[in-house]
Amino acid sequence: MTELKNEFSWSVSRHRAFETCRRLYFLHHYAHWGGWEYGADEQAKKCYLFTKMHTLDSWAGDIIHRTIAAALKRLWQGQSPNLDAMKQQAIKHLRDGWTQSKERLWEQNPKKFVNLFEHYYRIEISPERTAELKARVLACLENFWNSPVLRFIRSVDRSGWKAIEQLTRFRLGEIPIWIKIDFALLDQGHLFIYDWKSGREDEEDRKQLVCYALYAVDQWGIPPDRITIVPFYLRENAVREYTLTAEEIINTKEEIFQSAAEMLALLDDPRENRGRIENFPMTTDRRKCERCFFQEICYGGRFQLGRM
């Protein structure tokens with residue numbers, strides 16, 4: 001069996017972690033390595049556990065994405081999903097995940113079972129909070145189901161569907177870039193790239209979709225002027241459509257190169273993707289630490305974090 005190697009790559013999520021806190025970035029992408037193996041040391045196991053953790057909000061978003069993806073895959077297969085079935089599926093995910101987290105089943109397999117940040121760090125969750133979470137998930141699914149976006153998707157021949165919840169990567173120069181496209185379709189030579197957003201609108205969302213467009217140009221050969229990026233804010237039931245500009249593409253490429261260069265500059269051996277935790281300082285904004293998954297070990301708890 002080929003040994004897995006922790007190779008450098010760039011993604012929007014890695015960039016956000018790096019900008020949030022250099023220490024968080026190191027713990028999430030280096031200190032965790034090999035933590036899934038039976039004989040791994042406790043430091044790596046704990047860091048790996050935290051890479052699989054969810055907050056209530058991110059868990060709800062994940063369920064929304066999975067439910068929509070399952071419905072679209074059924075449509076692609078020529079079947080007929082319905083809103084009630086989607087809601088029932090989402091509620092089951094909510095119940096199962098809650099039970100898994102409360103019963104700490106993630107101790108057996110962090111990748112398979114849900115581990116909620118609020119449960120792990122013993123943060124009180126009121127009945128009103130759980131009721132709001134369930135209502136939000138169901139409302140997002142209902143907004144998707146009744147949207148002009150879904151009507152348009154259903155009107156396009158399935159031969160034009162390009163991606164459903166597709167995790168893939170491409171290269172920008174020498175930099176491997178990971179992306180995950182929620183949905184994309186080609187209609188009359190024009191590509192539409194969709195991203196389902198369960199949270200509030202953020203100015204970084206458009207940049208994320210431009211990265212997806214770079215993939216479409218590189219891998220699918222679609223000219224930039226024939227690509228529309230569409231973030232769908234399910235919570236507010238708001239759809240945004242943006243046409244790419246040459247300046248936007250150039251700026252996004254430059255930002256990726258700059259971000260990757262800053263990440264690599266902190267490594268002792270960029271070629272082998274090796275670094276030391278000392279080169280990745282904690283943020284000085286301790287408000288960020290209150291919601292950080294790695295807070296248990298970041299303050300010098302049980303583990304001495306060192307060279308990876």
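Residues numbered from 1 in each chain as written. Predicted model: local features only at pLDDT ≥ 70, side-chain atom pairs only at ≥ 80, totals over all residues. Heavy atoms only, no water.

Participant: Looking at this model, I keep getting lost on unusual backbone geometry. Mind explaining?
Facilitator: Phi at Arg104 is positive, roughly 55 degrees, even though this residue is not glycine. Although it is not a glycine, Gln188 sits at a positive phi angle of roughly 55 degrees. Its place among the elements puts Gln188 in the loop between strand E2 (175-187) and strand E3 (190-197). Among the residues examined, Gln188 registers a relative accessible area of 73% and is labelled exposed. (Helix = DSSP H or I, 4+ residues; strand = E, 2+ residues; numbered from the N terminus. Buried < 20%, exposed > 50% of the residue type's maximum accessible area, 1.4 Å probe, protein only.)

Participant: Any chance you could explain the pairing of E2 here in plain terms?
Facilitator: The two faces of a sheet get side chains in turn, since along a regular strand they alternate between them. In the sheet, strand E1 (residues 161-172) pairs with E2 via 10 bridges, with the strands oriented antiparallel. From the neighbouring strand, Leu167 faces E2, where its bridge partner is Lys180. Remark: 2 residues form the turn of the hairpin made by E1 and E2, two consecutive strands paired antiparallel; Gly173 in that turn has positive phi of roughly 65 degrees. Note that E2 and E3 share 5 bridges and pair antiparallel. Bridging from a neighbouring strand, Asp187 pairs with His190 of E3. (Pairing = 2+ DSSP bridges.)

Participant: Mind showing me how you'd approach helix H10 (residues 246-265) here?
Facilitator: For the α-helix, the turn length of 3.6 residues means that residues three or four positions removed from each other point alike. The end-to-end C-alpha distance of H10 is 29 Å, a good match for the 28 Å that 20 residues give at a rise of 1.5 Å each. Listed as buried for H10 are Glu248, Ile249, Thr252, Ile256, Ser259, Ala260 and Met263. When H10 is viewed along its axis, its buried side chains cluster within an angular range of 100 degrees and face the same direction. In this structure, H10 carries Ala246, Glu247 and Ala265 as exposed residues pointing more than 90 degrees from its buried face. If you follow the buried residues of H10, they end up packed against helix H1 (12-20), helix H2 (22-31), E1, E2, helix H9 (205-220) and strand E6 (242-243). (Expected span 1.5 Å × (residues − 1). Arc of directions from axis to C-beta. Contact = heavy atoms within 4.5 Å.)

Participant: Mind showing me how you'd approach helix H8 (residues 148-155) here?
Facilitator: Listed in full, the buried residues belonging to H8 are Val149, Leu150 and Ile153. Down the axis, H8 shows its buried residues gathered within 95 degrees of arc, on one side only. Residues Pro148, Arg151 and Ser155 are exposed on H8 and point more than 90 degrees away from its buried face.

Participant: Which parts of the structure should I look at to understand the environment of Trp220?
Facilitator: With respect to the helices and strands, Trp220 occurs in helix H9. Aside from chain neighbours lying at most four places away, what touches Trp220 is Lys162, Ala163, Gln166, Ile181, Ala184, Leu191 and Tyr215.

Participant: Sorry if this is basic, but what is going on with the packing of H1 against H10 here?
Facilitator: Angle between the axes and distance between the axes are the two parameters that describe a pair of packed helices. Packing of H1 against H10 brings their axes to within 11 Å, and their N-to-C directions diverge by 60 degrees. In terms of axis orientation, H1 runs oblique to H10. Helix-helix and strand crossings are classified by hand; for H1 and H10 the assignment is left-handed. On H10, the residues touching Arg14, His15, Phe18 and Glu19 of H1 are Ser259, Glu262 and Met263. Of the residues assigned to the contact of H1 with H10, the class counts are 2 nonpolar, 2 polar and 3 charged. (Axes fitted to C-alpha atoms, helices over the stretch in contact; angles between N-to-C directions. Parallel < 35°, antiparallel > 145°, perpendicular 65-115°, else oblique. Left-handed = near helix turned anticlockwise from the far one by under 90°. Nonpolar A, V, L, I, M, F, W, Y, C, P; charged D, E, K, R; others polar.)

So, to be careful, I would describe these as geometric facts and stop short of saying anything about function.
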